[in-house]
Amino acid sequence: LKTSWLEPLVTYSGALHRFAKQGCAAQIGLMPECDAEWIAHYTRLNETIAGLLQQQKPHDALTEALRNPPYSAGEKAVKDQIAQVVLKAMGAFREADVKSAVALLGDDEQVALMKYLYRFWESGLPARQNASFFPWHSALVERCGHGVIGRAIYDRRWP
């Protein structure tokens, strides 16, 4: 019998499913596995960001805040807490420094930042604070092109 061209894909997909189900991603430190781990991650992240901001390293703080978005967290409260850490890191920048901050981010961090911008606009923050996100959006589109908007909006995973 001739094997189907789908067999390697099904085998690969099954291996990935088993890998995720066994929690191997969490075991090797790629992402927290459950909300308790996300809460512990938030506590460490909050302390790290506060330390970096005290050391006057806002670029490092922003990169660290965006490095591991809580896509797999189940509780909205956990995602909200981590979003506040990102907001704190963003608040350390003057408008004139936004373009350089965006330029230092990697592709994944840029998409995560765009997702956070839309999340913040959706959350009903005060108008003055919402207006402060427009330079970030503009810098992201200028740096990455309009594709970053599509990647952010059409990805089903949201921080």
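Just above sits the structure.
Residue positions are counted from 1 within each chain, in the order its sequence is given. Predicted model: local features are reported for residues with pLDDT of at least 70 only, side-chain atom pairs are reported and counted for 80 or more only, and whole-chain, interface and lining totals are derived from all residues. In computing side-chain values, all of the structure's heavy atoms are included and hydrogens and water are not.

Mind showing me how you'd approach the pattern of salt bridges here?
Oppositely charged side chains can form a pair if their charged atoms are brought close together. The salt bridge criterion pairs a side-chain nitrogen of Lys or Arg with a carboxyl oxygen of Asp or Glu, the two atoms within 4 Å. The tally for this structure, following the rule as stated, stands at six salt bridges. Salt-bridge contacts for D80 lead to R119; the nearest nitrogen and oxygen are separated by 2.2 Å. Of the two residues, D80 sits in helix 5 (residues 76-90) while R119 sits in helix 7 (residues 107-122), which places them 39 residues apart along the sequence. When the shortest N-O distance is used, the salt bridge between K115 and D155 registers 2.7 Å. Of this pair, K115 sits in helix 7 while D155 sits in the segment after helix 10 (147-154); the two residues are 40 residues apart in sequence, bridging distant segments of the chain. Any residue under 20% of the maximum accessible area for its type is buried, any over 50% is exposed, and the rest in between are partly exposed; the area is computed with a 1.4 Å probe on protein chains only. Judged by relative accessible area, which is 0%, K115 ranks as buried. Numbering of helices and strands starts at the N terminus; helices are DSSP runs of H or I of at least 4 residues and strands are runs of E of at least 2.

Just to check I follow, could you spell out the packing of aromatic side chains for this structure?
Between two aromatic rings, the relevant description is the distance of the centres plus the angle of the planes. Pairing of aromatic rings covers Phe, Tyr and the six-membered ring of Trp, with a centre-to-centre limit of 6.5 Å; geometry is then stacked below 30 degrees between planes, edge-to-face above 60, and tilted otherwise. Scanning all chains against the criterion turns up six aromatic pairs. Centre to centre, the rings of F93 and W136 are 5.4 Å apart; their planes meet at 85°, and the pair counts as edge-to-face. With a gap of 43 residues between them, F93 in the loop between helix 5 and helix 6 (98-103) and W136 in helix 9 (residues 134-144) connect regions that are remote in the sequence. Their ring planes at 70° and their centres at 6.3 Å tell us that W121 and F133 sit as a pair that is edge-to-face. You can see W121 sitting in helix 7 and its partner F133 sitting in the loop between helix 8 (127-131) and helix 9, a full twelve residues away along the chain. When its relative accessible area of 2% is taken as the criterion, F133 is described as buried.

What is the right way to look at helix 9 in this model?
In an α-helix, one full turn covers 3.6 residues, which means residues spaced three or four apart are oriented alike. When we look at burial in helix 9, the residues that qualify are W136, H137, A139, L140 and V141. A contact between two residues is defined here by any heavy atoms of the two lying within 4.5 Å. As for helix 9, its buried residues are in contact with helix 4 (58-67), helix 5, helix 6, helix 7 and helix 10. One or two residues past the end of helix 9 sits G145, with phi positive at roughly 85°.

What am I meant to see in the nonpolar core here?
Generally speaking, a soluble globular protein has its nonpolar side chains buried in company with each other. Definition used in this section: a nonpolar core is a set of buried Ala, Val, Leu, Ile, Met, Phe, Trp, Tyr and Cys residues joined via side-chain atoms within 4.5 Å. In terms of nonpolar packing, the biggest core is built from 38 residues, with L62, L66, M90, L113, M114, F120 and W136 touching the most fellow members. Of all the elements in the fold, those that place two or more residues in this core are helix 3 (35-54), helix 4, helix 5, helix 6, helix 7, helix 9 and helix 10. Ranked by the residues each element gives to this core, the list is headed by helix 5, at eight residues. Dropping the residues within four chain positions of it, W136 is found in contact with L62, M90, F93, V98, A101, V102, L113 and L117.

So, to be careful, I would describe these as geometric facts and stop short of saying anything about function.
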